[in-house]
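A structural walkthrough
For reference, the chains in residue letters:
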Amino acid sequence: MRYNEKELQALSRQPAEKAAEIGMRVPKKGSVVKRRLVKLVVNFLFYFRTDEAEPIGALLLEHCRITKEEPSGFSISFIEEPDRKYYFECSSEEQCQEWIDALRRASYEFMRRSLIFYRNEIRKMTGKDPLEQYGISEEARFQLNAPQPTGIECRKEEGLLGRAEISPNSFWPGGGGGRT
Amino acid sequence: MKLNEQSVAHYAMSGSPADHEGFLRRCSTPGGRQPAAPRCWFVLKGNLLFYFEGQESRPPLGLIVLEGCTVELCEAPQEFAFAIRFDAPGLRPYVLAAEEQEAQEAWVKVLSRASFGYMRLLVQELEGQLHELQLSLASRSSAPRSQARASAGPPPDRPPPQPEEGGPSAETEGDEGAAKPPAPVGRRRPAENWACSPACLPLNGGDSPVSPETSCFPKLHDWYGQEIINLRREWLQSRALGGGL
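Residues numbered from 1 in each chain as written. Chains lettered and ligands numbered in written order. Predicted model: local features only at pLDDT ≥ 70, side-chain atom pairs only at ≥ 80, totals over all residues. Heavy atoms only, no water.

A count of helical and extended segments in chain A gives four helices and seven strands. Helices and strands in chain A line up, N terminus first, as α-β-β-β-β-β-β-β-α-α-α. When the 180 residues of chain A are sorted by exposure, 56% land in the buried category. For chain A, the share of sequence-separated contacts (at least 6 apart) that also reach a separation of at least 24 residues comes to 47%. Taken as a whole, chain A presents about 7900 Å² of accessible surface, with 46% of it coming from carbon and sulfur. (Helix = DSSP H or I, 4+ residues; strand = E, 2+ residues; numbered from the N terminus. Buried < 20%, exposed > 50% of the residue type's maximum accessible area, 1.4 Å probe, protein only. Contact = heavy atoms within 4.5 Å. Areas by Shrake-Rupley, 256 points an atom, 1.4 Å probe, with all protein chains shown as cover.)

Time to look at the overall build of chain B. Scanning chain B from terminus to terminus reveals eight helices and eight strands. Relative to its 245 residues, chain B shows a buried fraction of 44%. Taking all contacts inside chain B whose residues are at least 6 apart in sequence as the whole, residues at least 24 apart take part in 53%. When the accessible surface of chain B is totalled, it reaches about 12100 Å², and 54% of it is carbon and sulfur.

Another point: the sheet that holds strand E4 (residues 57-60) of chain A. Strand-to-strand pairing in sheets goes through backbone hydrogen bonds, with the strands running parallel or antiparallel. As summarised here, the arrangement of the eight strands in space is E5(A)-E6(A)-E7(A)-E1(A)-E2(A)-E3(A)-E4(A)-E1(B), forming an open sheet in which the pairing is mixed. Where the open sheet ends on each side, the last strands, each with one partner, are strand E5 (64-69) of chain A together with strand E1 (2-3) of chain B. As defined by bridge partners, strand E3 (residues 44-48) of chain A adjoins E4(A) across four bridges and the pair is classed as antiparallel. The partner of A:Tyr47 across the bridge, within E4(A), is A:Gly57. Set on the sheet, helix H1 (residues 5-12) of chain A makes contact with strand E2 (34-41) and E3 of chain A together with E1 of chain B; between it and E3(A) the angle comes to about 90°. Where helix H2 (residues 93-104) of chain A meets the sheet, its contacts fall on strand E1 (18-25), E2, E3, E5 and strand E6 (73-78) of chain A, and the angle it forms with E1(A) comes to roughly 105°. (Pairing = 2+ DSSP bridges. Axes fitted to C-alpha atoms, helices over the stretch in contact; angles between N-to-C directions.)

Moving on: the confidence of the model for chain B. Taken as a whole, chain B shows an average pLDDT of 72; of its residues, 60% reach a score of 70 or greater. The low-confidence segment residues 145-209 of chain B, where pLDDT is below 50, has 102 contacts with residues more than four positions distant or belonging to other chains. (pLDDT = per-residue confidence, 0-100.)

Structure (structure tokens):
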């Protein structure tokens, strides 16, 4: 598969949502934990040698699974080969948790589900589609009934599957009574 | 530079919804070596534009990451052409041609809005709108949820304790117990965040994927889920008491 390295390098220079020097071990035989600058930019996680400007590599964070690893690490694996793990070692449990939280929200698919959820909630409360004002209510990617990938998302983050469908209108403060 | 190519290709071929797809002809490539290429099947998924040899062929031939680029109509030997241009120096544009004007316009529209940042702004905006709605609802009716909330305990997304621990905590608790949405009041409005680069968002405590100091979607989900879990527990208990199983 072709991709332009320069495009990815340019992206890696963009402001990071999160960046830190932490330990990292790639899923290669005999690989050991090394100090790396790890940088989250949109849905890509870049990793650098600590003394180099260009990244060694990038991980696209779609259809991945973020797992807590003892004592204070986490791992990233991908759906098609779940046993192949990129392992990261943080300096504290707190730092580890921050990374896990950030990475779990880093996918475009997560953003899409969040958007559908908010759109649906607002529509239920106001009777109006909030996307209409932007002229994008017809776009395929924002549709409620877009086919959901099955068996994938729930592995990535438990409880995510079907959020858009089981949105909690009946449990909302004020419930349906809030509609005007 | 490495990329988890296998996983990227897997994502390209997975059943997750495509945001747009169709045939396009590549008028040139970043390498610039090829003349007009045969048409390829293009699939947009989020901020990633994949191309395949044909509609059914696998795996993808290539990937274009739609970040830091602009998409615009352009002049080319082919009709219905448009270009994806990158802001960074030294990056050549992709010039692609659709098969008809309608398709050309549709592609330019979706590609120019495909970036992660655009999606994030939208989510942030709707998050803010929902928050406002919740606040206005909460100020109108506060009774219905208070009882349930009391049994459910404090929402798990409570902001970290304020520095002034000795303050009127009981009163604060009372406030929290009312039908207030699980977000700290006084959050920044999304509009203010628009001016700031994406980088500053999660650095700001990382409370929300899209805007800081806000309850976010998974937290809301967990929070409301808590009530369901409690109700289920009560139901199970009552069934155990009454039914014997």
